[in-house]
Amino acid sequence: MEGVRCISSVVVQAATDKNQRVELTPWDLHKLLVGPIQKGLLFPKPEKETHENTFISHLKTSLSHTLDYFPPLAGRLATTEHADDTISFFIDCNNTGALFIHAEADGVTVFDIVKPVYVPSIVHSFFPLNGMKNHEGIFKPLLGVQVTELVDGIFIGVTINHSVVDGTSFWHFFNSWSEISKGNSFHLSNQPIFQSPFLDSINYPIRIPQSLIKQSHHEKLIASPLKERIFHFSKQSIAKLKAKANAEVGTDNISSLQALLSHFWQSVIRNKKIDPNEEINYFIQIGARSRLHELPQQYFGNAAQSGIITMKAKKMQGLRVGDIAREVNRMIATQTGDELKKNLESWIASPKPTIMPTPTDKSNRMGTGGSPRFNMYVNDFGWGRPVAVRSGSANKYDGKLTLYCGAEEGSIDIEACLLPETLDAMANDREFMDMEHNL
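To keep things clear, this report deals only with the structure shown in the data block. Computed from a predicted structure; not experimentally measured.

### Notes on the sheet that holds strand β12 (residues 304–312)
Read from one edge to the other, the open sheet built from six strands follows the order β10-β16-β15-β13-β11-β12, with strand pairing classed as mixed. Two strands bound the open sheet, and with one partner strand each, they are β10 (227–233) and β12. Pairs of neighbouring strands in the sheet enclose a mean axial angle of 20 degrees, with direction left out of account. In this structure, β10 lies alongside strand β16 (residues 412–418), joined through seven bridges in antiparallel fashion. Bridge pairing links F233 to I412 in β16.

Here you go:
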């Protein structure tokens, strides 16, 4: 496959200026030192009657009107330095604009992207703002869009600063843009909400030691030894896993997703070369909107925290899927609204932004992001629904899993970022692969 060629790069502003200041919450500030969210959709190419310039122009216009509803995404981060060597961050909704790149991947087809066992590395070139850390949103766009033309398809890659959005807000924006684009109407049916009485009660601005922010400037971009593979689980396979997990421990409390993640985690650990006495950690993102009644579902920003399960490798290797799923279930049950509030207060008292492992770090950590509840396949910009979803290079490490809804109702896709030898071993793990269904 050949490379990606940039045709044009412009800044798109909101159609209407809405100058305002949006404070960053502890959930937002937690993400300052990691990378942005990068997700994109692969579409069939529009009919030939749609002239290229008209097609790109329409996407820019619809993006501009979508930004009217999402003013933070057209702004920049801003800071205030304090005398005690601390710094505070907020979003200045100044309509500086979002980055829009029109590109072409010469000789690349839809088949080249969706059919290989491993996700082709060229996919990472379908996203703008690669290598950026969120705190750099002071001088870099908070939103970047890249529309890459393939021989027979279109890939729309979106990069959004992770200190401004979580997965829920990311897809809220993506869904909104496609709605406005397809409908040729500037009315949005599901508008974002930027304030919450609960979060507004925090004493802003939250101050962070400058030394914590400066430490991320010394990182270098390193070639990744990791590979990515999409594993597909049908609705029927997931139902079998759920029934098995619940039967093994004599309960009906284990959910489909808890059973699936436990099955996946077990296979990763079984096929990694790990000392049996080493501790392994599994981080699962826990959403706050459903746990805090004061927080509306349309709240725009970060509203999630990580729950952690820790055990030794030898213990996990002796457990059944149901045993592991019960541990996952118990951990999630502890993530109550009161616990979320307590963790927010603790973070304000002692701020500590997350530091993500690098692709070359040796790590016994596994982390799950994304959600099968995010509806990617409803996005239609006016020429049909997508055929696949893929992610960029940001925040990838050995053990990173990303969840997507599958194209078929009730199915789930898991994007696994692991060392090639681990993925190869999993492909030969009959107990694991018997539940995986290849498209």
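Picking up where we left off.
### Comments concerning helix α8 (residues 256–271)
Structurally, the α-helix is built with 3.6 residues per turn, so residues lying three or four positions apart point the same way. Between its terminal C-alpha atoms α8 stretches 23 Å, which fits the 22 Å expected from 16 residues at 1.5 Å a residue. Burial analysis of α8 places 13 of its 16 residues in the buried class, the great majority of the element.

### Overview of the nonpolar core
L73, L143, I156, V158 and W177 are the most contacted members of the largest nonpolar core, which totals 69 residues. No other element matches the six residues that helix α4 (residues 167–183) contributes to this core. Leave out the neighbours within four places in its chain, and I156 touches K39, G40, L41, F43, V145, Q146, V147, F174, W177, F381 and W383. Membership of the second largest hydrophobic core comes to 41 residues, among which are V249, A259, I309 and M311.

### Considering the pattern of salt bridges
Under the defined criterion, the tally for this structure stands at 19 salt bridges. In this structure, R5 and D106 form a salt bridge, with 3.3 Å as the shortest nitrogen-oxygen distance. One end of the pair, R5, is in strand β1 (residues 4–12); the other, D106, is in the loop between β6 (98–105) and α3 (110–114), with 101 residues separating them in the sequence. D106 sits in the partly exposed class, given a relative accessible area of 25%. Among the ionic contacts, a cluster of salt bridges with common partners joins R5, E104 and D106.

### Concerning the pairing of strand β15 (residues 400–405)
Counting buried residues along β15, six of its six residues qualify, which places the element largely inside the surrounding structure. By the alternation rule, side chains of β15 split into K400, T402 and Y404 and L401, L403 and C405, which are all buried. Relative to β16, β15 runs antiparallel, the two sharing six bridges. Bridging from a neighbouring strand, L403 pairs with I414 of β16. Between β15 and β16, which follow one another and run antiparallel, lie six residues, and G410 among them has a positive phi close to 85 degrees.

### Considering the environment of E415
You can see E415 is positioned in strand β16. Setting aside its immediate chain neighbours within four residues, E415 contacts E228, R229, I230, S391, K396, K400, L401, T402 and Y404. Of the polar contacts made by the side chain of E415, one reaches the side chain of S391; its length is 2.8 Å.

### Focus on the packing of aromatic side chains
For the coordinates displayed, the defined rule picks out 22 aromatic pairs. Plain terms: the ring middles of F70 and F173 are 5.6 Å apart, the flat faces sit at 90 degrees to each other, and that makes the pair edge-to-face. Residue F70 is found in the loop between α2 (52–67) and β4 (76–81), and its partner F173 is found in helix α4; the two are separated by 103 residues along the sequence. Plain terms: the ring middles of F170 and W171 are 5.2 Å apart, the flat faces sit at 75 degrees to each other, and that makes the pair edge-to-face.

### Comments concerning the packing of helix α7 (residues 235–249) against helix α10 (residues 321–333)
At a minimum axis separation of 7 Å, α7 and α10 run at an interaxial angle of 90 degrees. Here α7 lies roughly perpendicular to α10, going by the angle between them. Contact residues: α7 offers K244, A245, E248 and V249, while α10 offers V321, G322, D323, A325 and R326. When its residues are assigned to classes, the contact of α7 with α10 shows four nonpolar, one polar and four charged.

### Examining the pairing of β16
Looking along a regular strand, one sees the side chains alternate between the two faces of the sheet. By the criterion of burial, β16 is predominantly enclosed, with seven of the seven residues buried. The alternating pattern of β16 places I412, I414, A416 and L418 on one face and D413, E415 and C417 on the opposite face, and all of these are buried.

### Examining the environment of N19
Examined against the element boundaries, N19 turns out to sit in the loop between β1 and β2 (21–23). According to the relative accessible area criterion, N19 is exposed, its value standing at 63%. Along the backbone, N19 and S64 are 45 residues apart, and their C-alpha atoms lie at a distance of 15 Å. Once residues lying within four places of it in the same chain are set aside, the contact partners of N19 are C93 and N94.

Calculation notes
Residues numbered from 1 in each chain as written. Predicted model: local features only at pLDDT ≥ 70, side-chain atom pairs only at ≥ 80, totals over all residues. Heavy atoms only, no water. Pairing = 2+ DSSP bridges. Helix = DSSP H or I, 4+ residues; strand = E, 2+ residues; numbered from the N terminus. Axes fitted to C-alpha atoms, helices over the stretch in contact; angles between N-to-C directions. Expected span 1.5 Å × (residues − 1). Buried < 20%, exposed > 50% of the residue type's maximum accessible area, 1.4 Å probe, protein only. Core = buried A, V, L, I, M, F, W, Y, C linked by side-chain atoms within 4.5 Å. Contact = heavy atoms within 4.5 Å. Salt bridge = Lys/Arg side-chain N within 4 Å of Asp/Glu carboxyl O. Polar contact = N/O pair within 3.5 Å; in protein donor to acceptor, adjacent residues only side chain to side chain. Phe/Tyr/Trp six-rings, centres within 6.5 Å; stacked < 30°, edge-to-face > 60°. Parallel < 35°, antiparallel > 145°, perpendicular 65-115°, else oblique. Nonpolar A, V, L, I, M, F, W, Y, C, P; charged D, E, K, R; others polar.

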